[in-house]
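# Overview (structure and organization)
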Amino acid sequence: MSEETSVHAFDVLAQNPGTDTHGHLRFTGADGEEWLEPFDLPELAANVLREFGHATLMHEDGWLELTESGLHLLPQFIEFHLRDDERIGTATTIQCNHPQLLPQGLFEYQYAIDETFDEAVTSGFRKWARTDLLVLLDAASAEPQSCTTMSMELPAEDGRPARKRRLLFGPVEHFGQPQRDADASAGEDTDTDEEDFCPCCLFTKSIDAFEPLLRTDQFYGLRLFASHDNAGGECQADCRVNGEEWPQGLDALRTYAATWPAAAGLEYRKQYVIVQNAPD
């Protein structure tokens with residue numbers, strides 16, 4: 001148990017394995033009294049999906065089916081912890097499958113903090129629905145509705161015919177802004193070093209690291225994250241492919257972050273990108 005939870009009057013005594021979708025969380029109080037609190041991730045996820053207007057069918061095994069797109073979703077519990085401010089932090093995943101498009105499936109993490117377990121999980125699912133789900137829905141459609149797209153023509157090679165790959169760029173989560181001098185903050189028109197940034201930059205500025213993925217026929221969901229701490233000049237990155245760590249992308253993302261204009265404190269950018277064969 002972490003030091004973060006031990007300072008509270010109650011601790012997590014047990015939690016269900018990461019493959020569970022529903023069950024109970026067991027707590028103990030300072031007086032030794034124990035109690036159970038139930039959780040049901042499919043129900044929480046279904047509520048969020050309906051809130052966003054998606055027709056959703058819940059199966060008995062915990063899978064959720066988005067009937068209009070054919071996507072199948074499975075929310076799963078990873079862990080939670082009690083914070084010093086007595087709020088709860090949660091970590092979950094949502095696995096996504098599609099019978100034709102994505103039979104092997106992929107998954108992504110959701111992290112959130114709120115007053116209760118259910119509120120934190122719901123917050124994480126809502127954020128996922130506003131970002132990653134938009135890209136997955138466009139991937140299942142011949143005509144994307146929400147994402148910026150890019151096409152790449154690949155020549156015939158290694159016994160494979162010429163083909164076209166499609167890239168879908170989800171919304172960019174952006175925190176932090178470049179610094180402005182006194183004249184700029186007063187409304188004066190001044191030159192700045194601010195870069196041109198578009199929804200494809202996180203990927204295209206580090207594209208060499210992902211070239212092996214582009215040249216296959218596989219479906220990939222890319223989690224791209226880069227940050228630049230102006231105070232110490234430190235750049236950090238996180239890169240995942242279909243939910244698994246992809247260390248090949250870390251150096252490229254950190255190098256790109258180092259080129260950002262000076263920001264007031266920490267700046268980060270996060271995005272979900274899908275690479276797939278273009279529909280016929």
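Preceding this section is the structure that the text describes.
Structure report, in brief. (Residues numbered from 1 in each chain as written. Predicted model: local features only at pLDDT ≥ 70, side-chain atom pairs only at ≥ 80, totals over all residues. Heavy atoms only, no water.)

### Comments concerning the side chain of E267
Within the fold, E267 resides in strand β15 (residues 266-277). Separated by 2.7 Å, the side chains of E267 and H174 make a polar contact. Of the polar contacts made by the side chain of E267, one reaches the side chain of R269; its length is 3.0 Å. When sequence neighbours within four positions are dropped, the list of residues in contact with E267 reads H174, F175, G176, A226, S227, H228, W260 and P261. (Helix = DSSP H or I, 4+ residues; strand = E, 2+ residues; numbered from the N terminus. Polar contact = N/O pair within 3.5 Å; in protein donor to acceptor, adjacent residues only side chain to side chain. Contact = heavy atoms within 4.5 Å.)

### Remarks on the nonpolar core
L73, F80, F117, W128, L133, L136 and I274 are the most contacted members of the largest nonpolar core, which has 36 residues in total. Among the elements that take part in this core, helix α2 (residues 41-51) stands out by supplying six residues, more than any other. In contact with L133, not counting residues within four places along its chain, are L49, H54, L66, L71 and W128. Judged by nonpolar contacts, the second largest core, of 25 residues, contains F169, L214, A237 and Y256. (Core = buried A, V, L, I, M, F, W, Y, C linked by side-chain atoms within 4.5 Å. Buried < 20%, exposed > 50% of the residue type's maximum accessible area, 1.4 Å probe, protein only.)

### Quick word on the environment of G170
On the secondary structure map, G170 appears in the loop between β10 (163-169) and β11 (173-175). Along the backbone, G170 and Y272 are 102 residues apart, and their C-alpha atoms lie at a distance of 5.3 Å. For G170, the contacting residues outside a window of four places in its chain are V135, C147, Q271 and Y272.

### Details of the packing of helix α3 (residues 117-130) against helix α4 (residues 132-139)
Geometrically, a packed helix pair is captured by the angle between its two axes and the distance between the axes. Axis separation between α3 and α4 bottoms out at 3 Å; the angle between their running directions is 40 degrees. With respect to α4, the axis of α3 lies oblique. From α3, W128, A129 and R130 reach across to α4, where they touch D132, L133, L134 and L136. (Axes fitted to C-alpha atoms, helices over the stretch in contact; angles between N-to-C directions. Parallel < 35°, antiparallel > 145°, perpendicular 65-115°, else oblique.)

### Digging into helix α8 (residues 250-257)
Listing the buried residues of α8 in full gives L253, Y256 and A257. What you see down the axis of α8 is that its buried residues fit within an arc of 100 degrees, all on one side. Those residues of α8 that are exposed and angled more than 90 degrees off the buried face are D251 and T255. Contact partners of the buried residues in α8: α6 (201-204), β12 (220-229), β13 (234-241) and β15. (Arc of directions from axis to C-beta.)

### Structural notes on the sheet that holds strand β8 (residues 102-114)
Pairing between the strands of a sheet comes from backbone hydrogen bonds, and it takes one of two forms, parallel or antiparallel. Spatial strand order, β4-β5-β6-β7-β8: five strands in an open sheet with antiparallel pairing. Only two strands of the sheet have a single partner each, and these edge strands are β4 (56-58) and β8. Along the sheet, successive strands turn relative to each other by an average axial angle of 25 degrees, direction set aside. Sheet analysis places strand β7 (residues 88-98) next to β8, joined by ten bridges and oriented antiparallel. Among the inter-strand pairings, T92 is bridged to a residue of β8, identified as Q110. α4 rests against β5 (64-66), β6 (71-82), β7 and β8 of the sheet, and its axis sits at about 165 degrees to β6. (Pairing = 2+ DSSP bridges.)

### Overview of the pairing of strand β2 (residues 22-28)
Pairing of β2 with strand β3 (residues 34-40) involves seven bridges; the strand directions are antiparallel. By the bridge assignment, F27 is partnered in β3 with W35. In textbook terms, the turn of a hairpin is the stretch between consecutive antiparallel strands, and for β2 and β3 this stretch comprises five residues, one of which, G32, has a positive phi near 90 degrees.

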